[in-house]
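# Summary of the model geometry
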Amino acid sequence: MNSFKIAIINFKRNIRTYSLYLMAMVFSVATYYNFVSMRYNPQFLEAKEISAYIEGSSMTASMLMIMFLIFFIAYSSSFFLNQRKREIGVYAFMGIDNYKIALIFASEGLLLGIMSVIFGLGTGILFSKLFMMMLAKVALLNIRINFFISKKAIIETIILYSIILGITFLKGYLEIIKTNLIDLMNSLKKEEELPKINYFKGIVSIVIIGVAYYIAINYEKFGFGTALMVTVILIIWGTYWLFGSFFSMIIRYYINKKGFLYKGTNIISISNMGFRIKNNYRTLAAVAVLITTCITSFGTVSSLKYYVDENHKIEVPYTVTYISSNEEEIKKVDKVIENSSHNVELKNNANFLYVPDSEVVVVNLSTFKDILIDLKVENREKIISKFKLLRNEAGYIERPGVMMSILEKNDIHIGNQKYNIKVNTKVPLFGKGVPFPCIVVKDDEYEILKSKFIEKQFNGIILDNPEDTKDLTFELVKVLTEESWLYTYFVAGATFYDFTGIVYFLGAFLFLVFVFATGSIIYFKILSESFGDKNKYEILKKLGTTDLEIHESVSKQIGMFFILPLVVGIIHSMVAISVLSDIMKCNLIKPTIVSIGVFALMYGIFYVFTRRKYIDIVSTT
């Protein structure tokens, strides 16, 4: 039997072991193909206003994916090779030379890679139309997406994966050739033992992580670039020592605490963890770092979208705004809109005073309340309740476009009158059509100020299809004067918001790939040990341990291996997103909770899947 036939037999025999890895690879190939193909999609190329965003986003997402895939494939290949050293030792013991053994395993890996690329490309092509339709939706493109197969994307995908798989498996081939029989025999006899406790590393790991957090939070003091680089290095270093030494200290403590150890099934699960931590701490640390990357990446794109969505509501609360009290002019605007394909959902007008010296506008409290109610502003009742103004008190509404001001405003002069600022907030009001801060005063005080300044009329209209206002804007320009401050959804530069939607969409897909790969890594690691535990659980069953107790023990053991890196990863990512929140001057609690929740949910599915598979293996006699 030649090497290739043996490789095929091995491949068929291990296909269930490879199944999750194969799924992760197929998904990654399909995603990569779609990332590349959107650059060549003729319908996106025709949409000139977003084609540059599409191309830039596609390139960035592809590069990120390549970097991650190199790590994932190299890790998985190395893992498979280590898990099968005993099998290699048996081949060597039977007299098969290293070159033939290396060829068998390289061929097996090659078959796995070829299958991943074939099924991945097929899946990618099959779902490409759905992918592009979703992308067009977030990019607010009003176009019909046709089914499209990109030959260039197929070629690029095949070349990329061929290079990565070729290098990876050549490395594995050379590694097996250099392995000697004595090492392989030793791997057969290798016994598990409790790790040696290193109190210095255990305690210092906490200090290193604490220093990393301090540098990250005080990035302004150290400079953002330096702080980022030093923080990443310290986090990786501290996390490895944390799992290698600190958690060993914790587990040894519970092993020595006999009252806890002999309670229920703790002796089985805690002892197994104690013996396994020595071989698993690198994987747990790597998973914790990957979880940090996943949650932080998804949290970043979610936060960006959240930030822009909130900002967009303030900048563009109406589809069309203009300043005019001329009845003739207002009728012309209404006529243009009536002749367009749009339907009016809300039409509003409000009077305000423009104060040129202070560059602010003034509205009375009644008008302010009416606008908030008409626009259905979120938490409007709570906002309005803060505007219980007394004489010479005012509310200050930030200028649209300013997300946060570091200047504290305590008072302001309107003409000769000084007003104390009681409330300082940001809410949708006039939008960028009136690009000034707004001062809210009591109705009677507004009447007094009205005699000193020119009153203007704001007109705001919400239409049913704001994305399609390009032609309407050009029509309105013809009937309005320059003094009308015409501002529309089209003028707002909606393409920037489209870009944010594209980044969020691609980031979410990358997140799915990362979660799949992270779950696969920990799945491989735990499942590989289930075969070694099978004899232990068989003995325990003969000693009278019930199935329920075994299930409980397995749940604890696997649960701890899943939870430890998850907790560490969540803490790391919360610090990272808090720094991002500080940079963006925006409260990102909501997108952070969503990001952690989505990851924990998907990660939990991997836990359930791994636990069930583990129990199946150790329960099979």
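Note that the coordinates shown come from a computational prediction; the quantities given were computed from them, not determined experimentally.

Reading guide: rules and limits
- Residues numbered from 1 in each chain as written.
- Predicted model: local features only at pLDDT ≥ 70, side-chain atom pairs only at ≥ 80, totals over all residues.
- Heavy atoms only, no water.
- Helix = DSSP H or I, 4+ residues; strand = E, 2+ residues; numbered from the N terminus.
- Buried < 20%, exposed > 50% of the residue type's maximum accessible area, 1.4 Å probe, protein only.
- Contact = heavy atoms within 4.5 Å.
- Areas by Shrake-Rupley, 256 points an atom, 1.4 Å probe, with all protein chains shown as cover.
- Pairing = 2+ DSSP bridges.
- 1 Å grid on protein atoms, 1.4 Å probe; cavity = no way out; pocket = protein on both sides within 12 Å on 5 of 7 lines; lining within 4 Å.
- Points joined across faces, edges and corners; volume = space filled by probe spheres on them.
- Nonpolar A, V, L, I, M, F, W, Y, C, P; charged D, E, K, R; others polar.
- Salt bridge = Lys/Arg side-chain N within 4 Å of Asp/Glu carboxyl O.
- Axes fitted to C-alpha atoms, helices over the stretch in contact; angles between N-to-C directions.
- Parallel < 35°, antiparallel > 145°, perpendicular 65-115°, else oblique.
- Left-handed = near helix turned anticlockwise from the far one by under 90°.
- Arc of directions from axis to C-beta.

Scanning the chain from N- to C-terminus turns up 22 helices and 9 strands. Expressed as a percentage of its 621 residues, the buried residues of the chain come to 49%. Pairs at least 24 apart in sequence give 84% of the contacts found in the chain among residues at least 6 apart. Roughly 31,100 Å² of accessible area belongs to the chain as shown, and the carbon and sulfur atoms make up 62% of that amount.

Only one face of strand E5 (residues 411–414) is covered, namely the face carrying Ile412 and Ile414; the face carrying Asp411 and His413 is uncovered. Connecting the antiparallel pair E5 and strand E6 (residues 417–425) is a turn made up of 2 residues, with Gly415 showing a positive phi of about 65°.

The subject of this paragraph is unusual backbone geometry. Look at Asn379: it is not a glycine, yet its phi comes out positive at around 60°. On the accessibility criterion, Asn379 (52% relative accessible area) is exposed. The backbone of Trp485 sits at a positive phi, close to 55°, despite the residue not being glycine. You can see Trp485 is positioned in the loop between helix H19 (470–479) and strand E9 (487–488).

On to empty space enclosed by the protein, then. Counted under the stated rule, the structure contains 6 cavities of 30 Å³ or more. Approximately 80 Å³ is the volume found for the second largest cavity. Contributing to the lining of the second largest cavity are Ile314, Val361, Ile397, Glu398, Pro400, Val427, Leu429, Phe430, Gly431, Val434, Phe436 and Cys438. Class assignment for the residues of the lining of the second largest cavity results in 10 nonpolar, 1 polar and 1 charged.

For the coordinates displayed, the defined rule picks out 5 salt bridges. A salt bridge links Glu475 to Lys478; the shortest N-O distance between them is 3.4 Å. One end of the pair is Glu475 and the other is Lys478, both in helix H19 and 3 residues apart, which spans about a single turn.

The next subject is the packing of helix H15 (residues 327–339) against H19. Their axes nearest at 10 Å, the elements H15 and H19 cross at an angle of 155°. Looking at the two axes, H15 sits roughly antiparallel to H19. Classified by chirality, the crossing of H19 by H15 is right-handed. In this structure, H15 contributes Glu329, Lys332, Val333, Val336 and Ile337 to the contact, and H19 contributes Leu472, Glu475, Leu476 and Val479. Taken together, the residues of the contact of H15 with H19 break down into 6 nonpolar, no polar and 3 charged.

Next up on the list: helix H18 (residues 443–450). Think of an α-helix as 3.6 residues a turn; residues three or four steps apart then line up on the same face. Of the positions making up H18, those classed as buried are Glu445, Tyr446 and Leu449. For H18, the angular spread of buried residues about the axis comes to 105°, placing them on one side. Among the structural elements, strand E2 (344–355), strand E3 (360–364), E5, E6, strand E7 (438–441) and strand E8 (455–463) are those in contact with the buried residues of H18.

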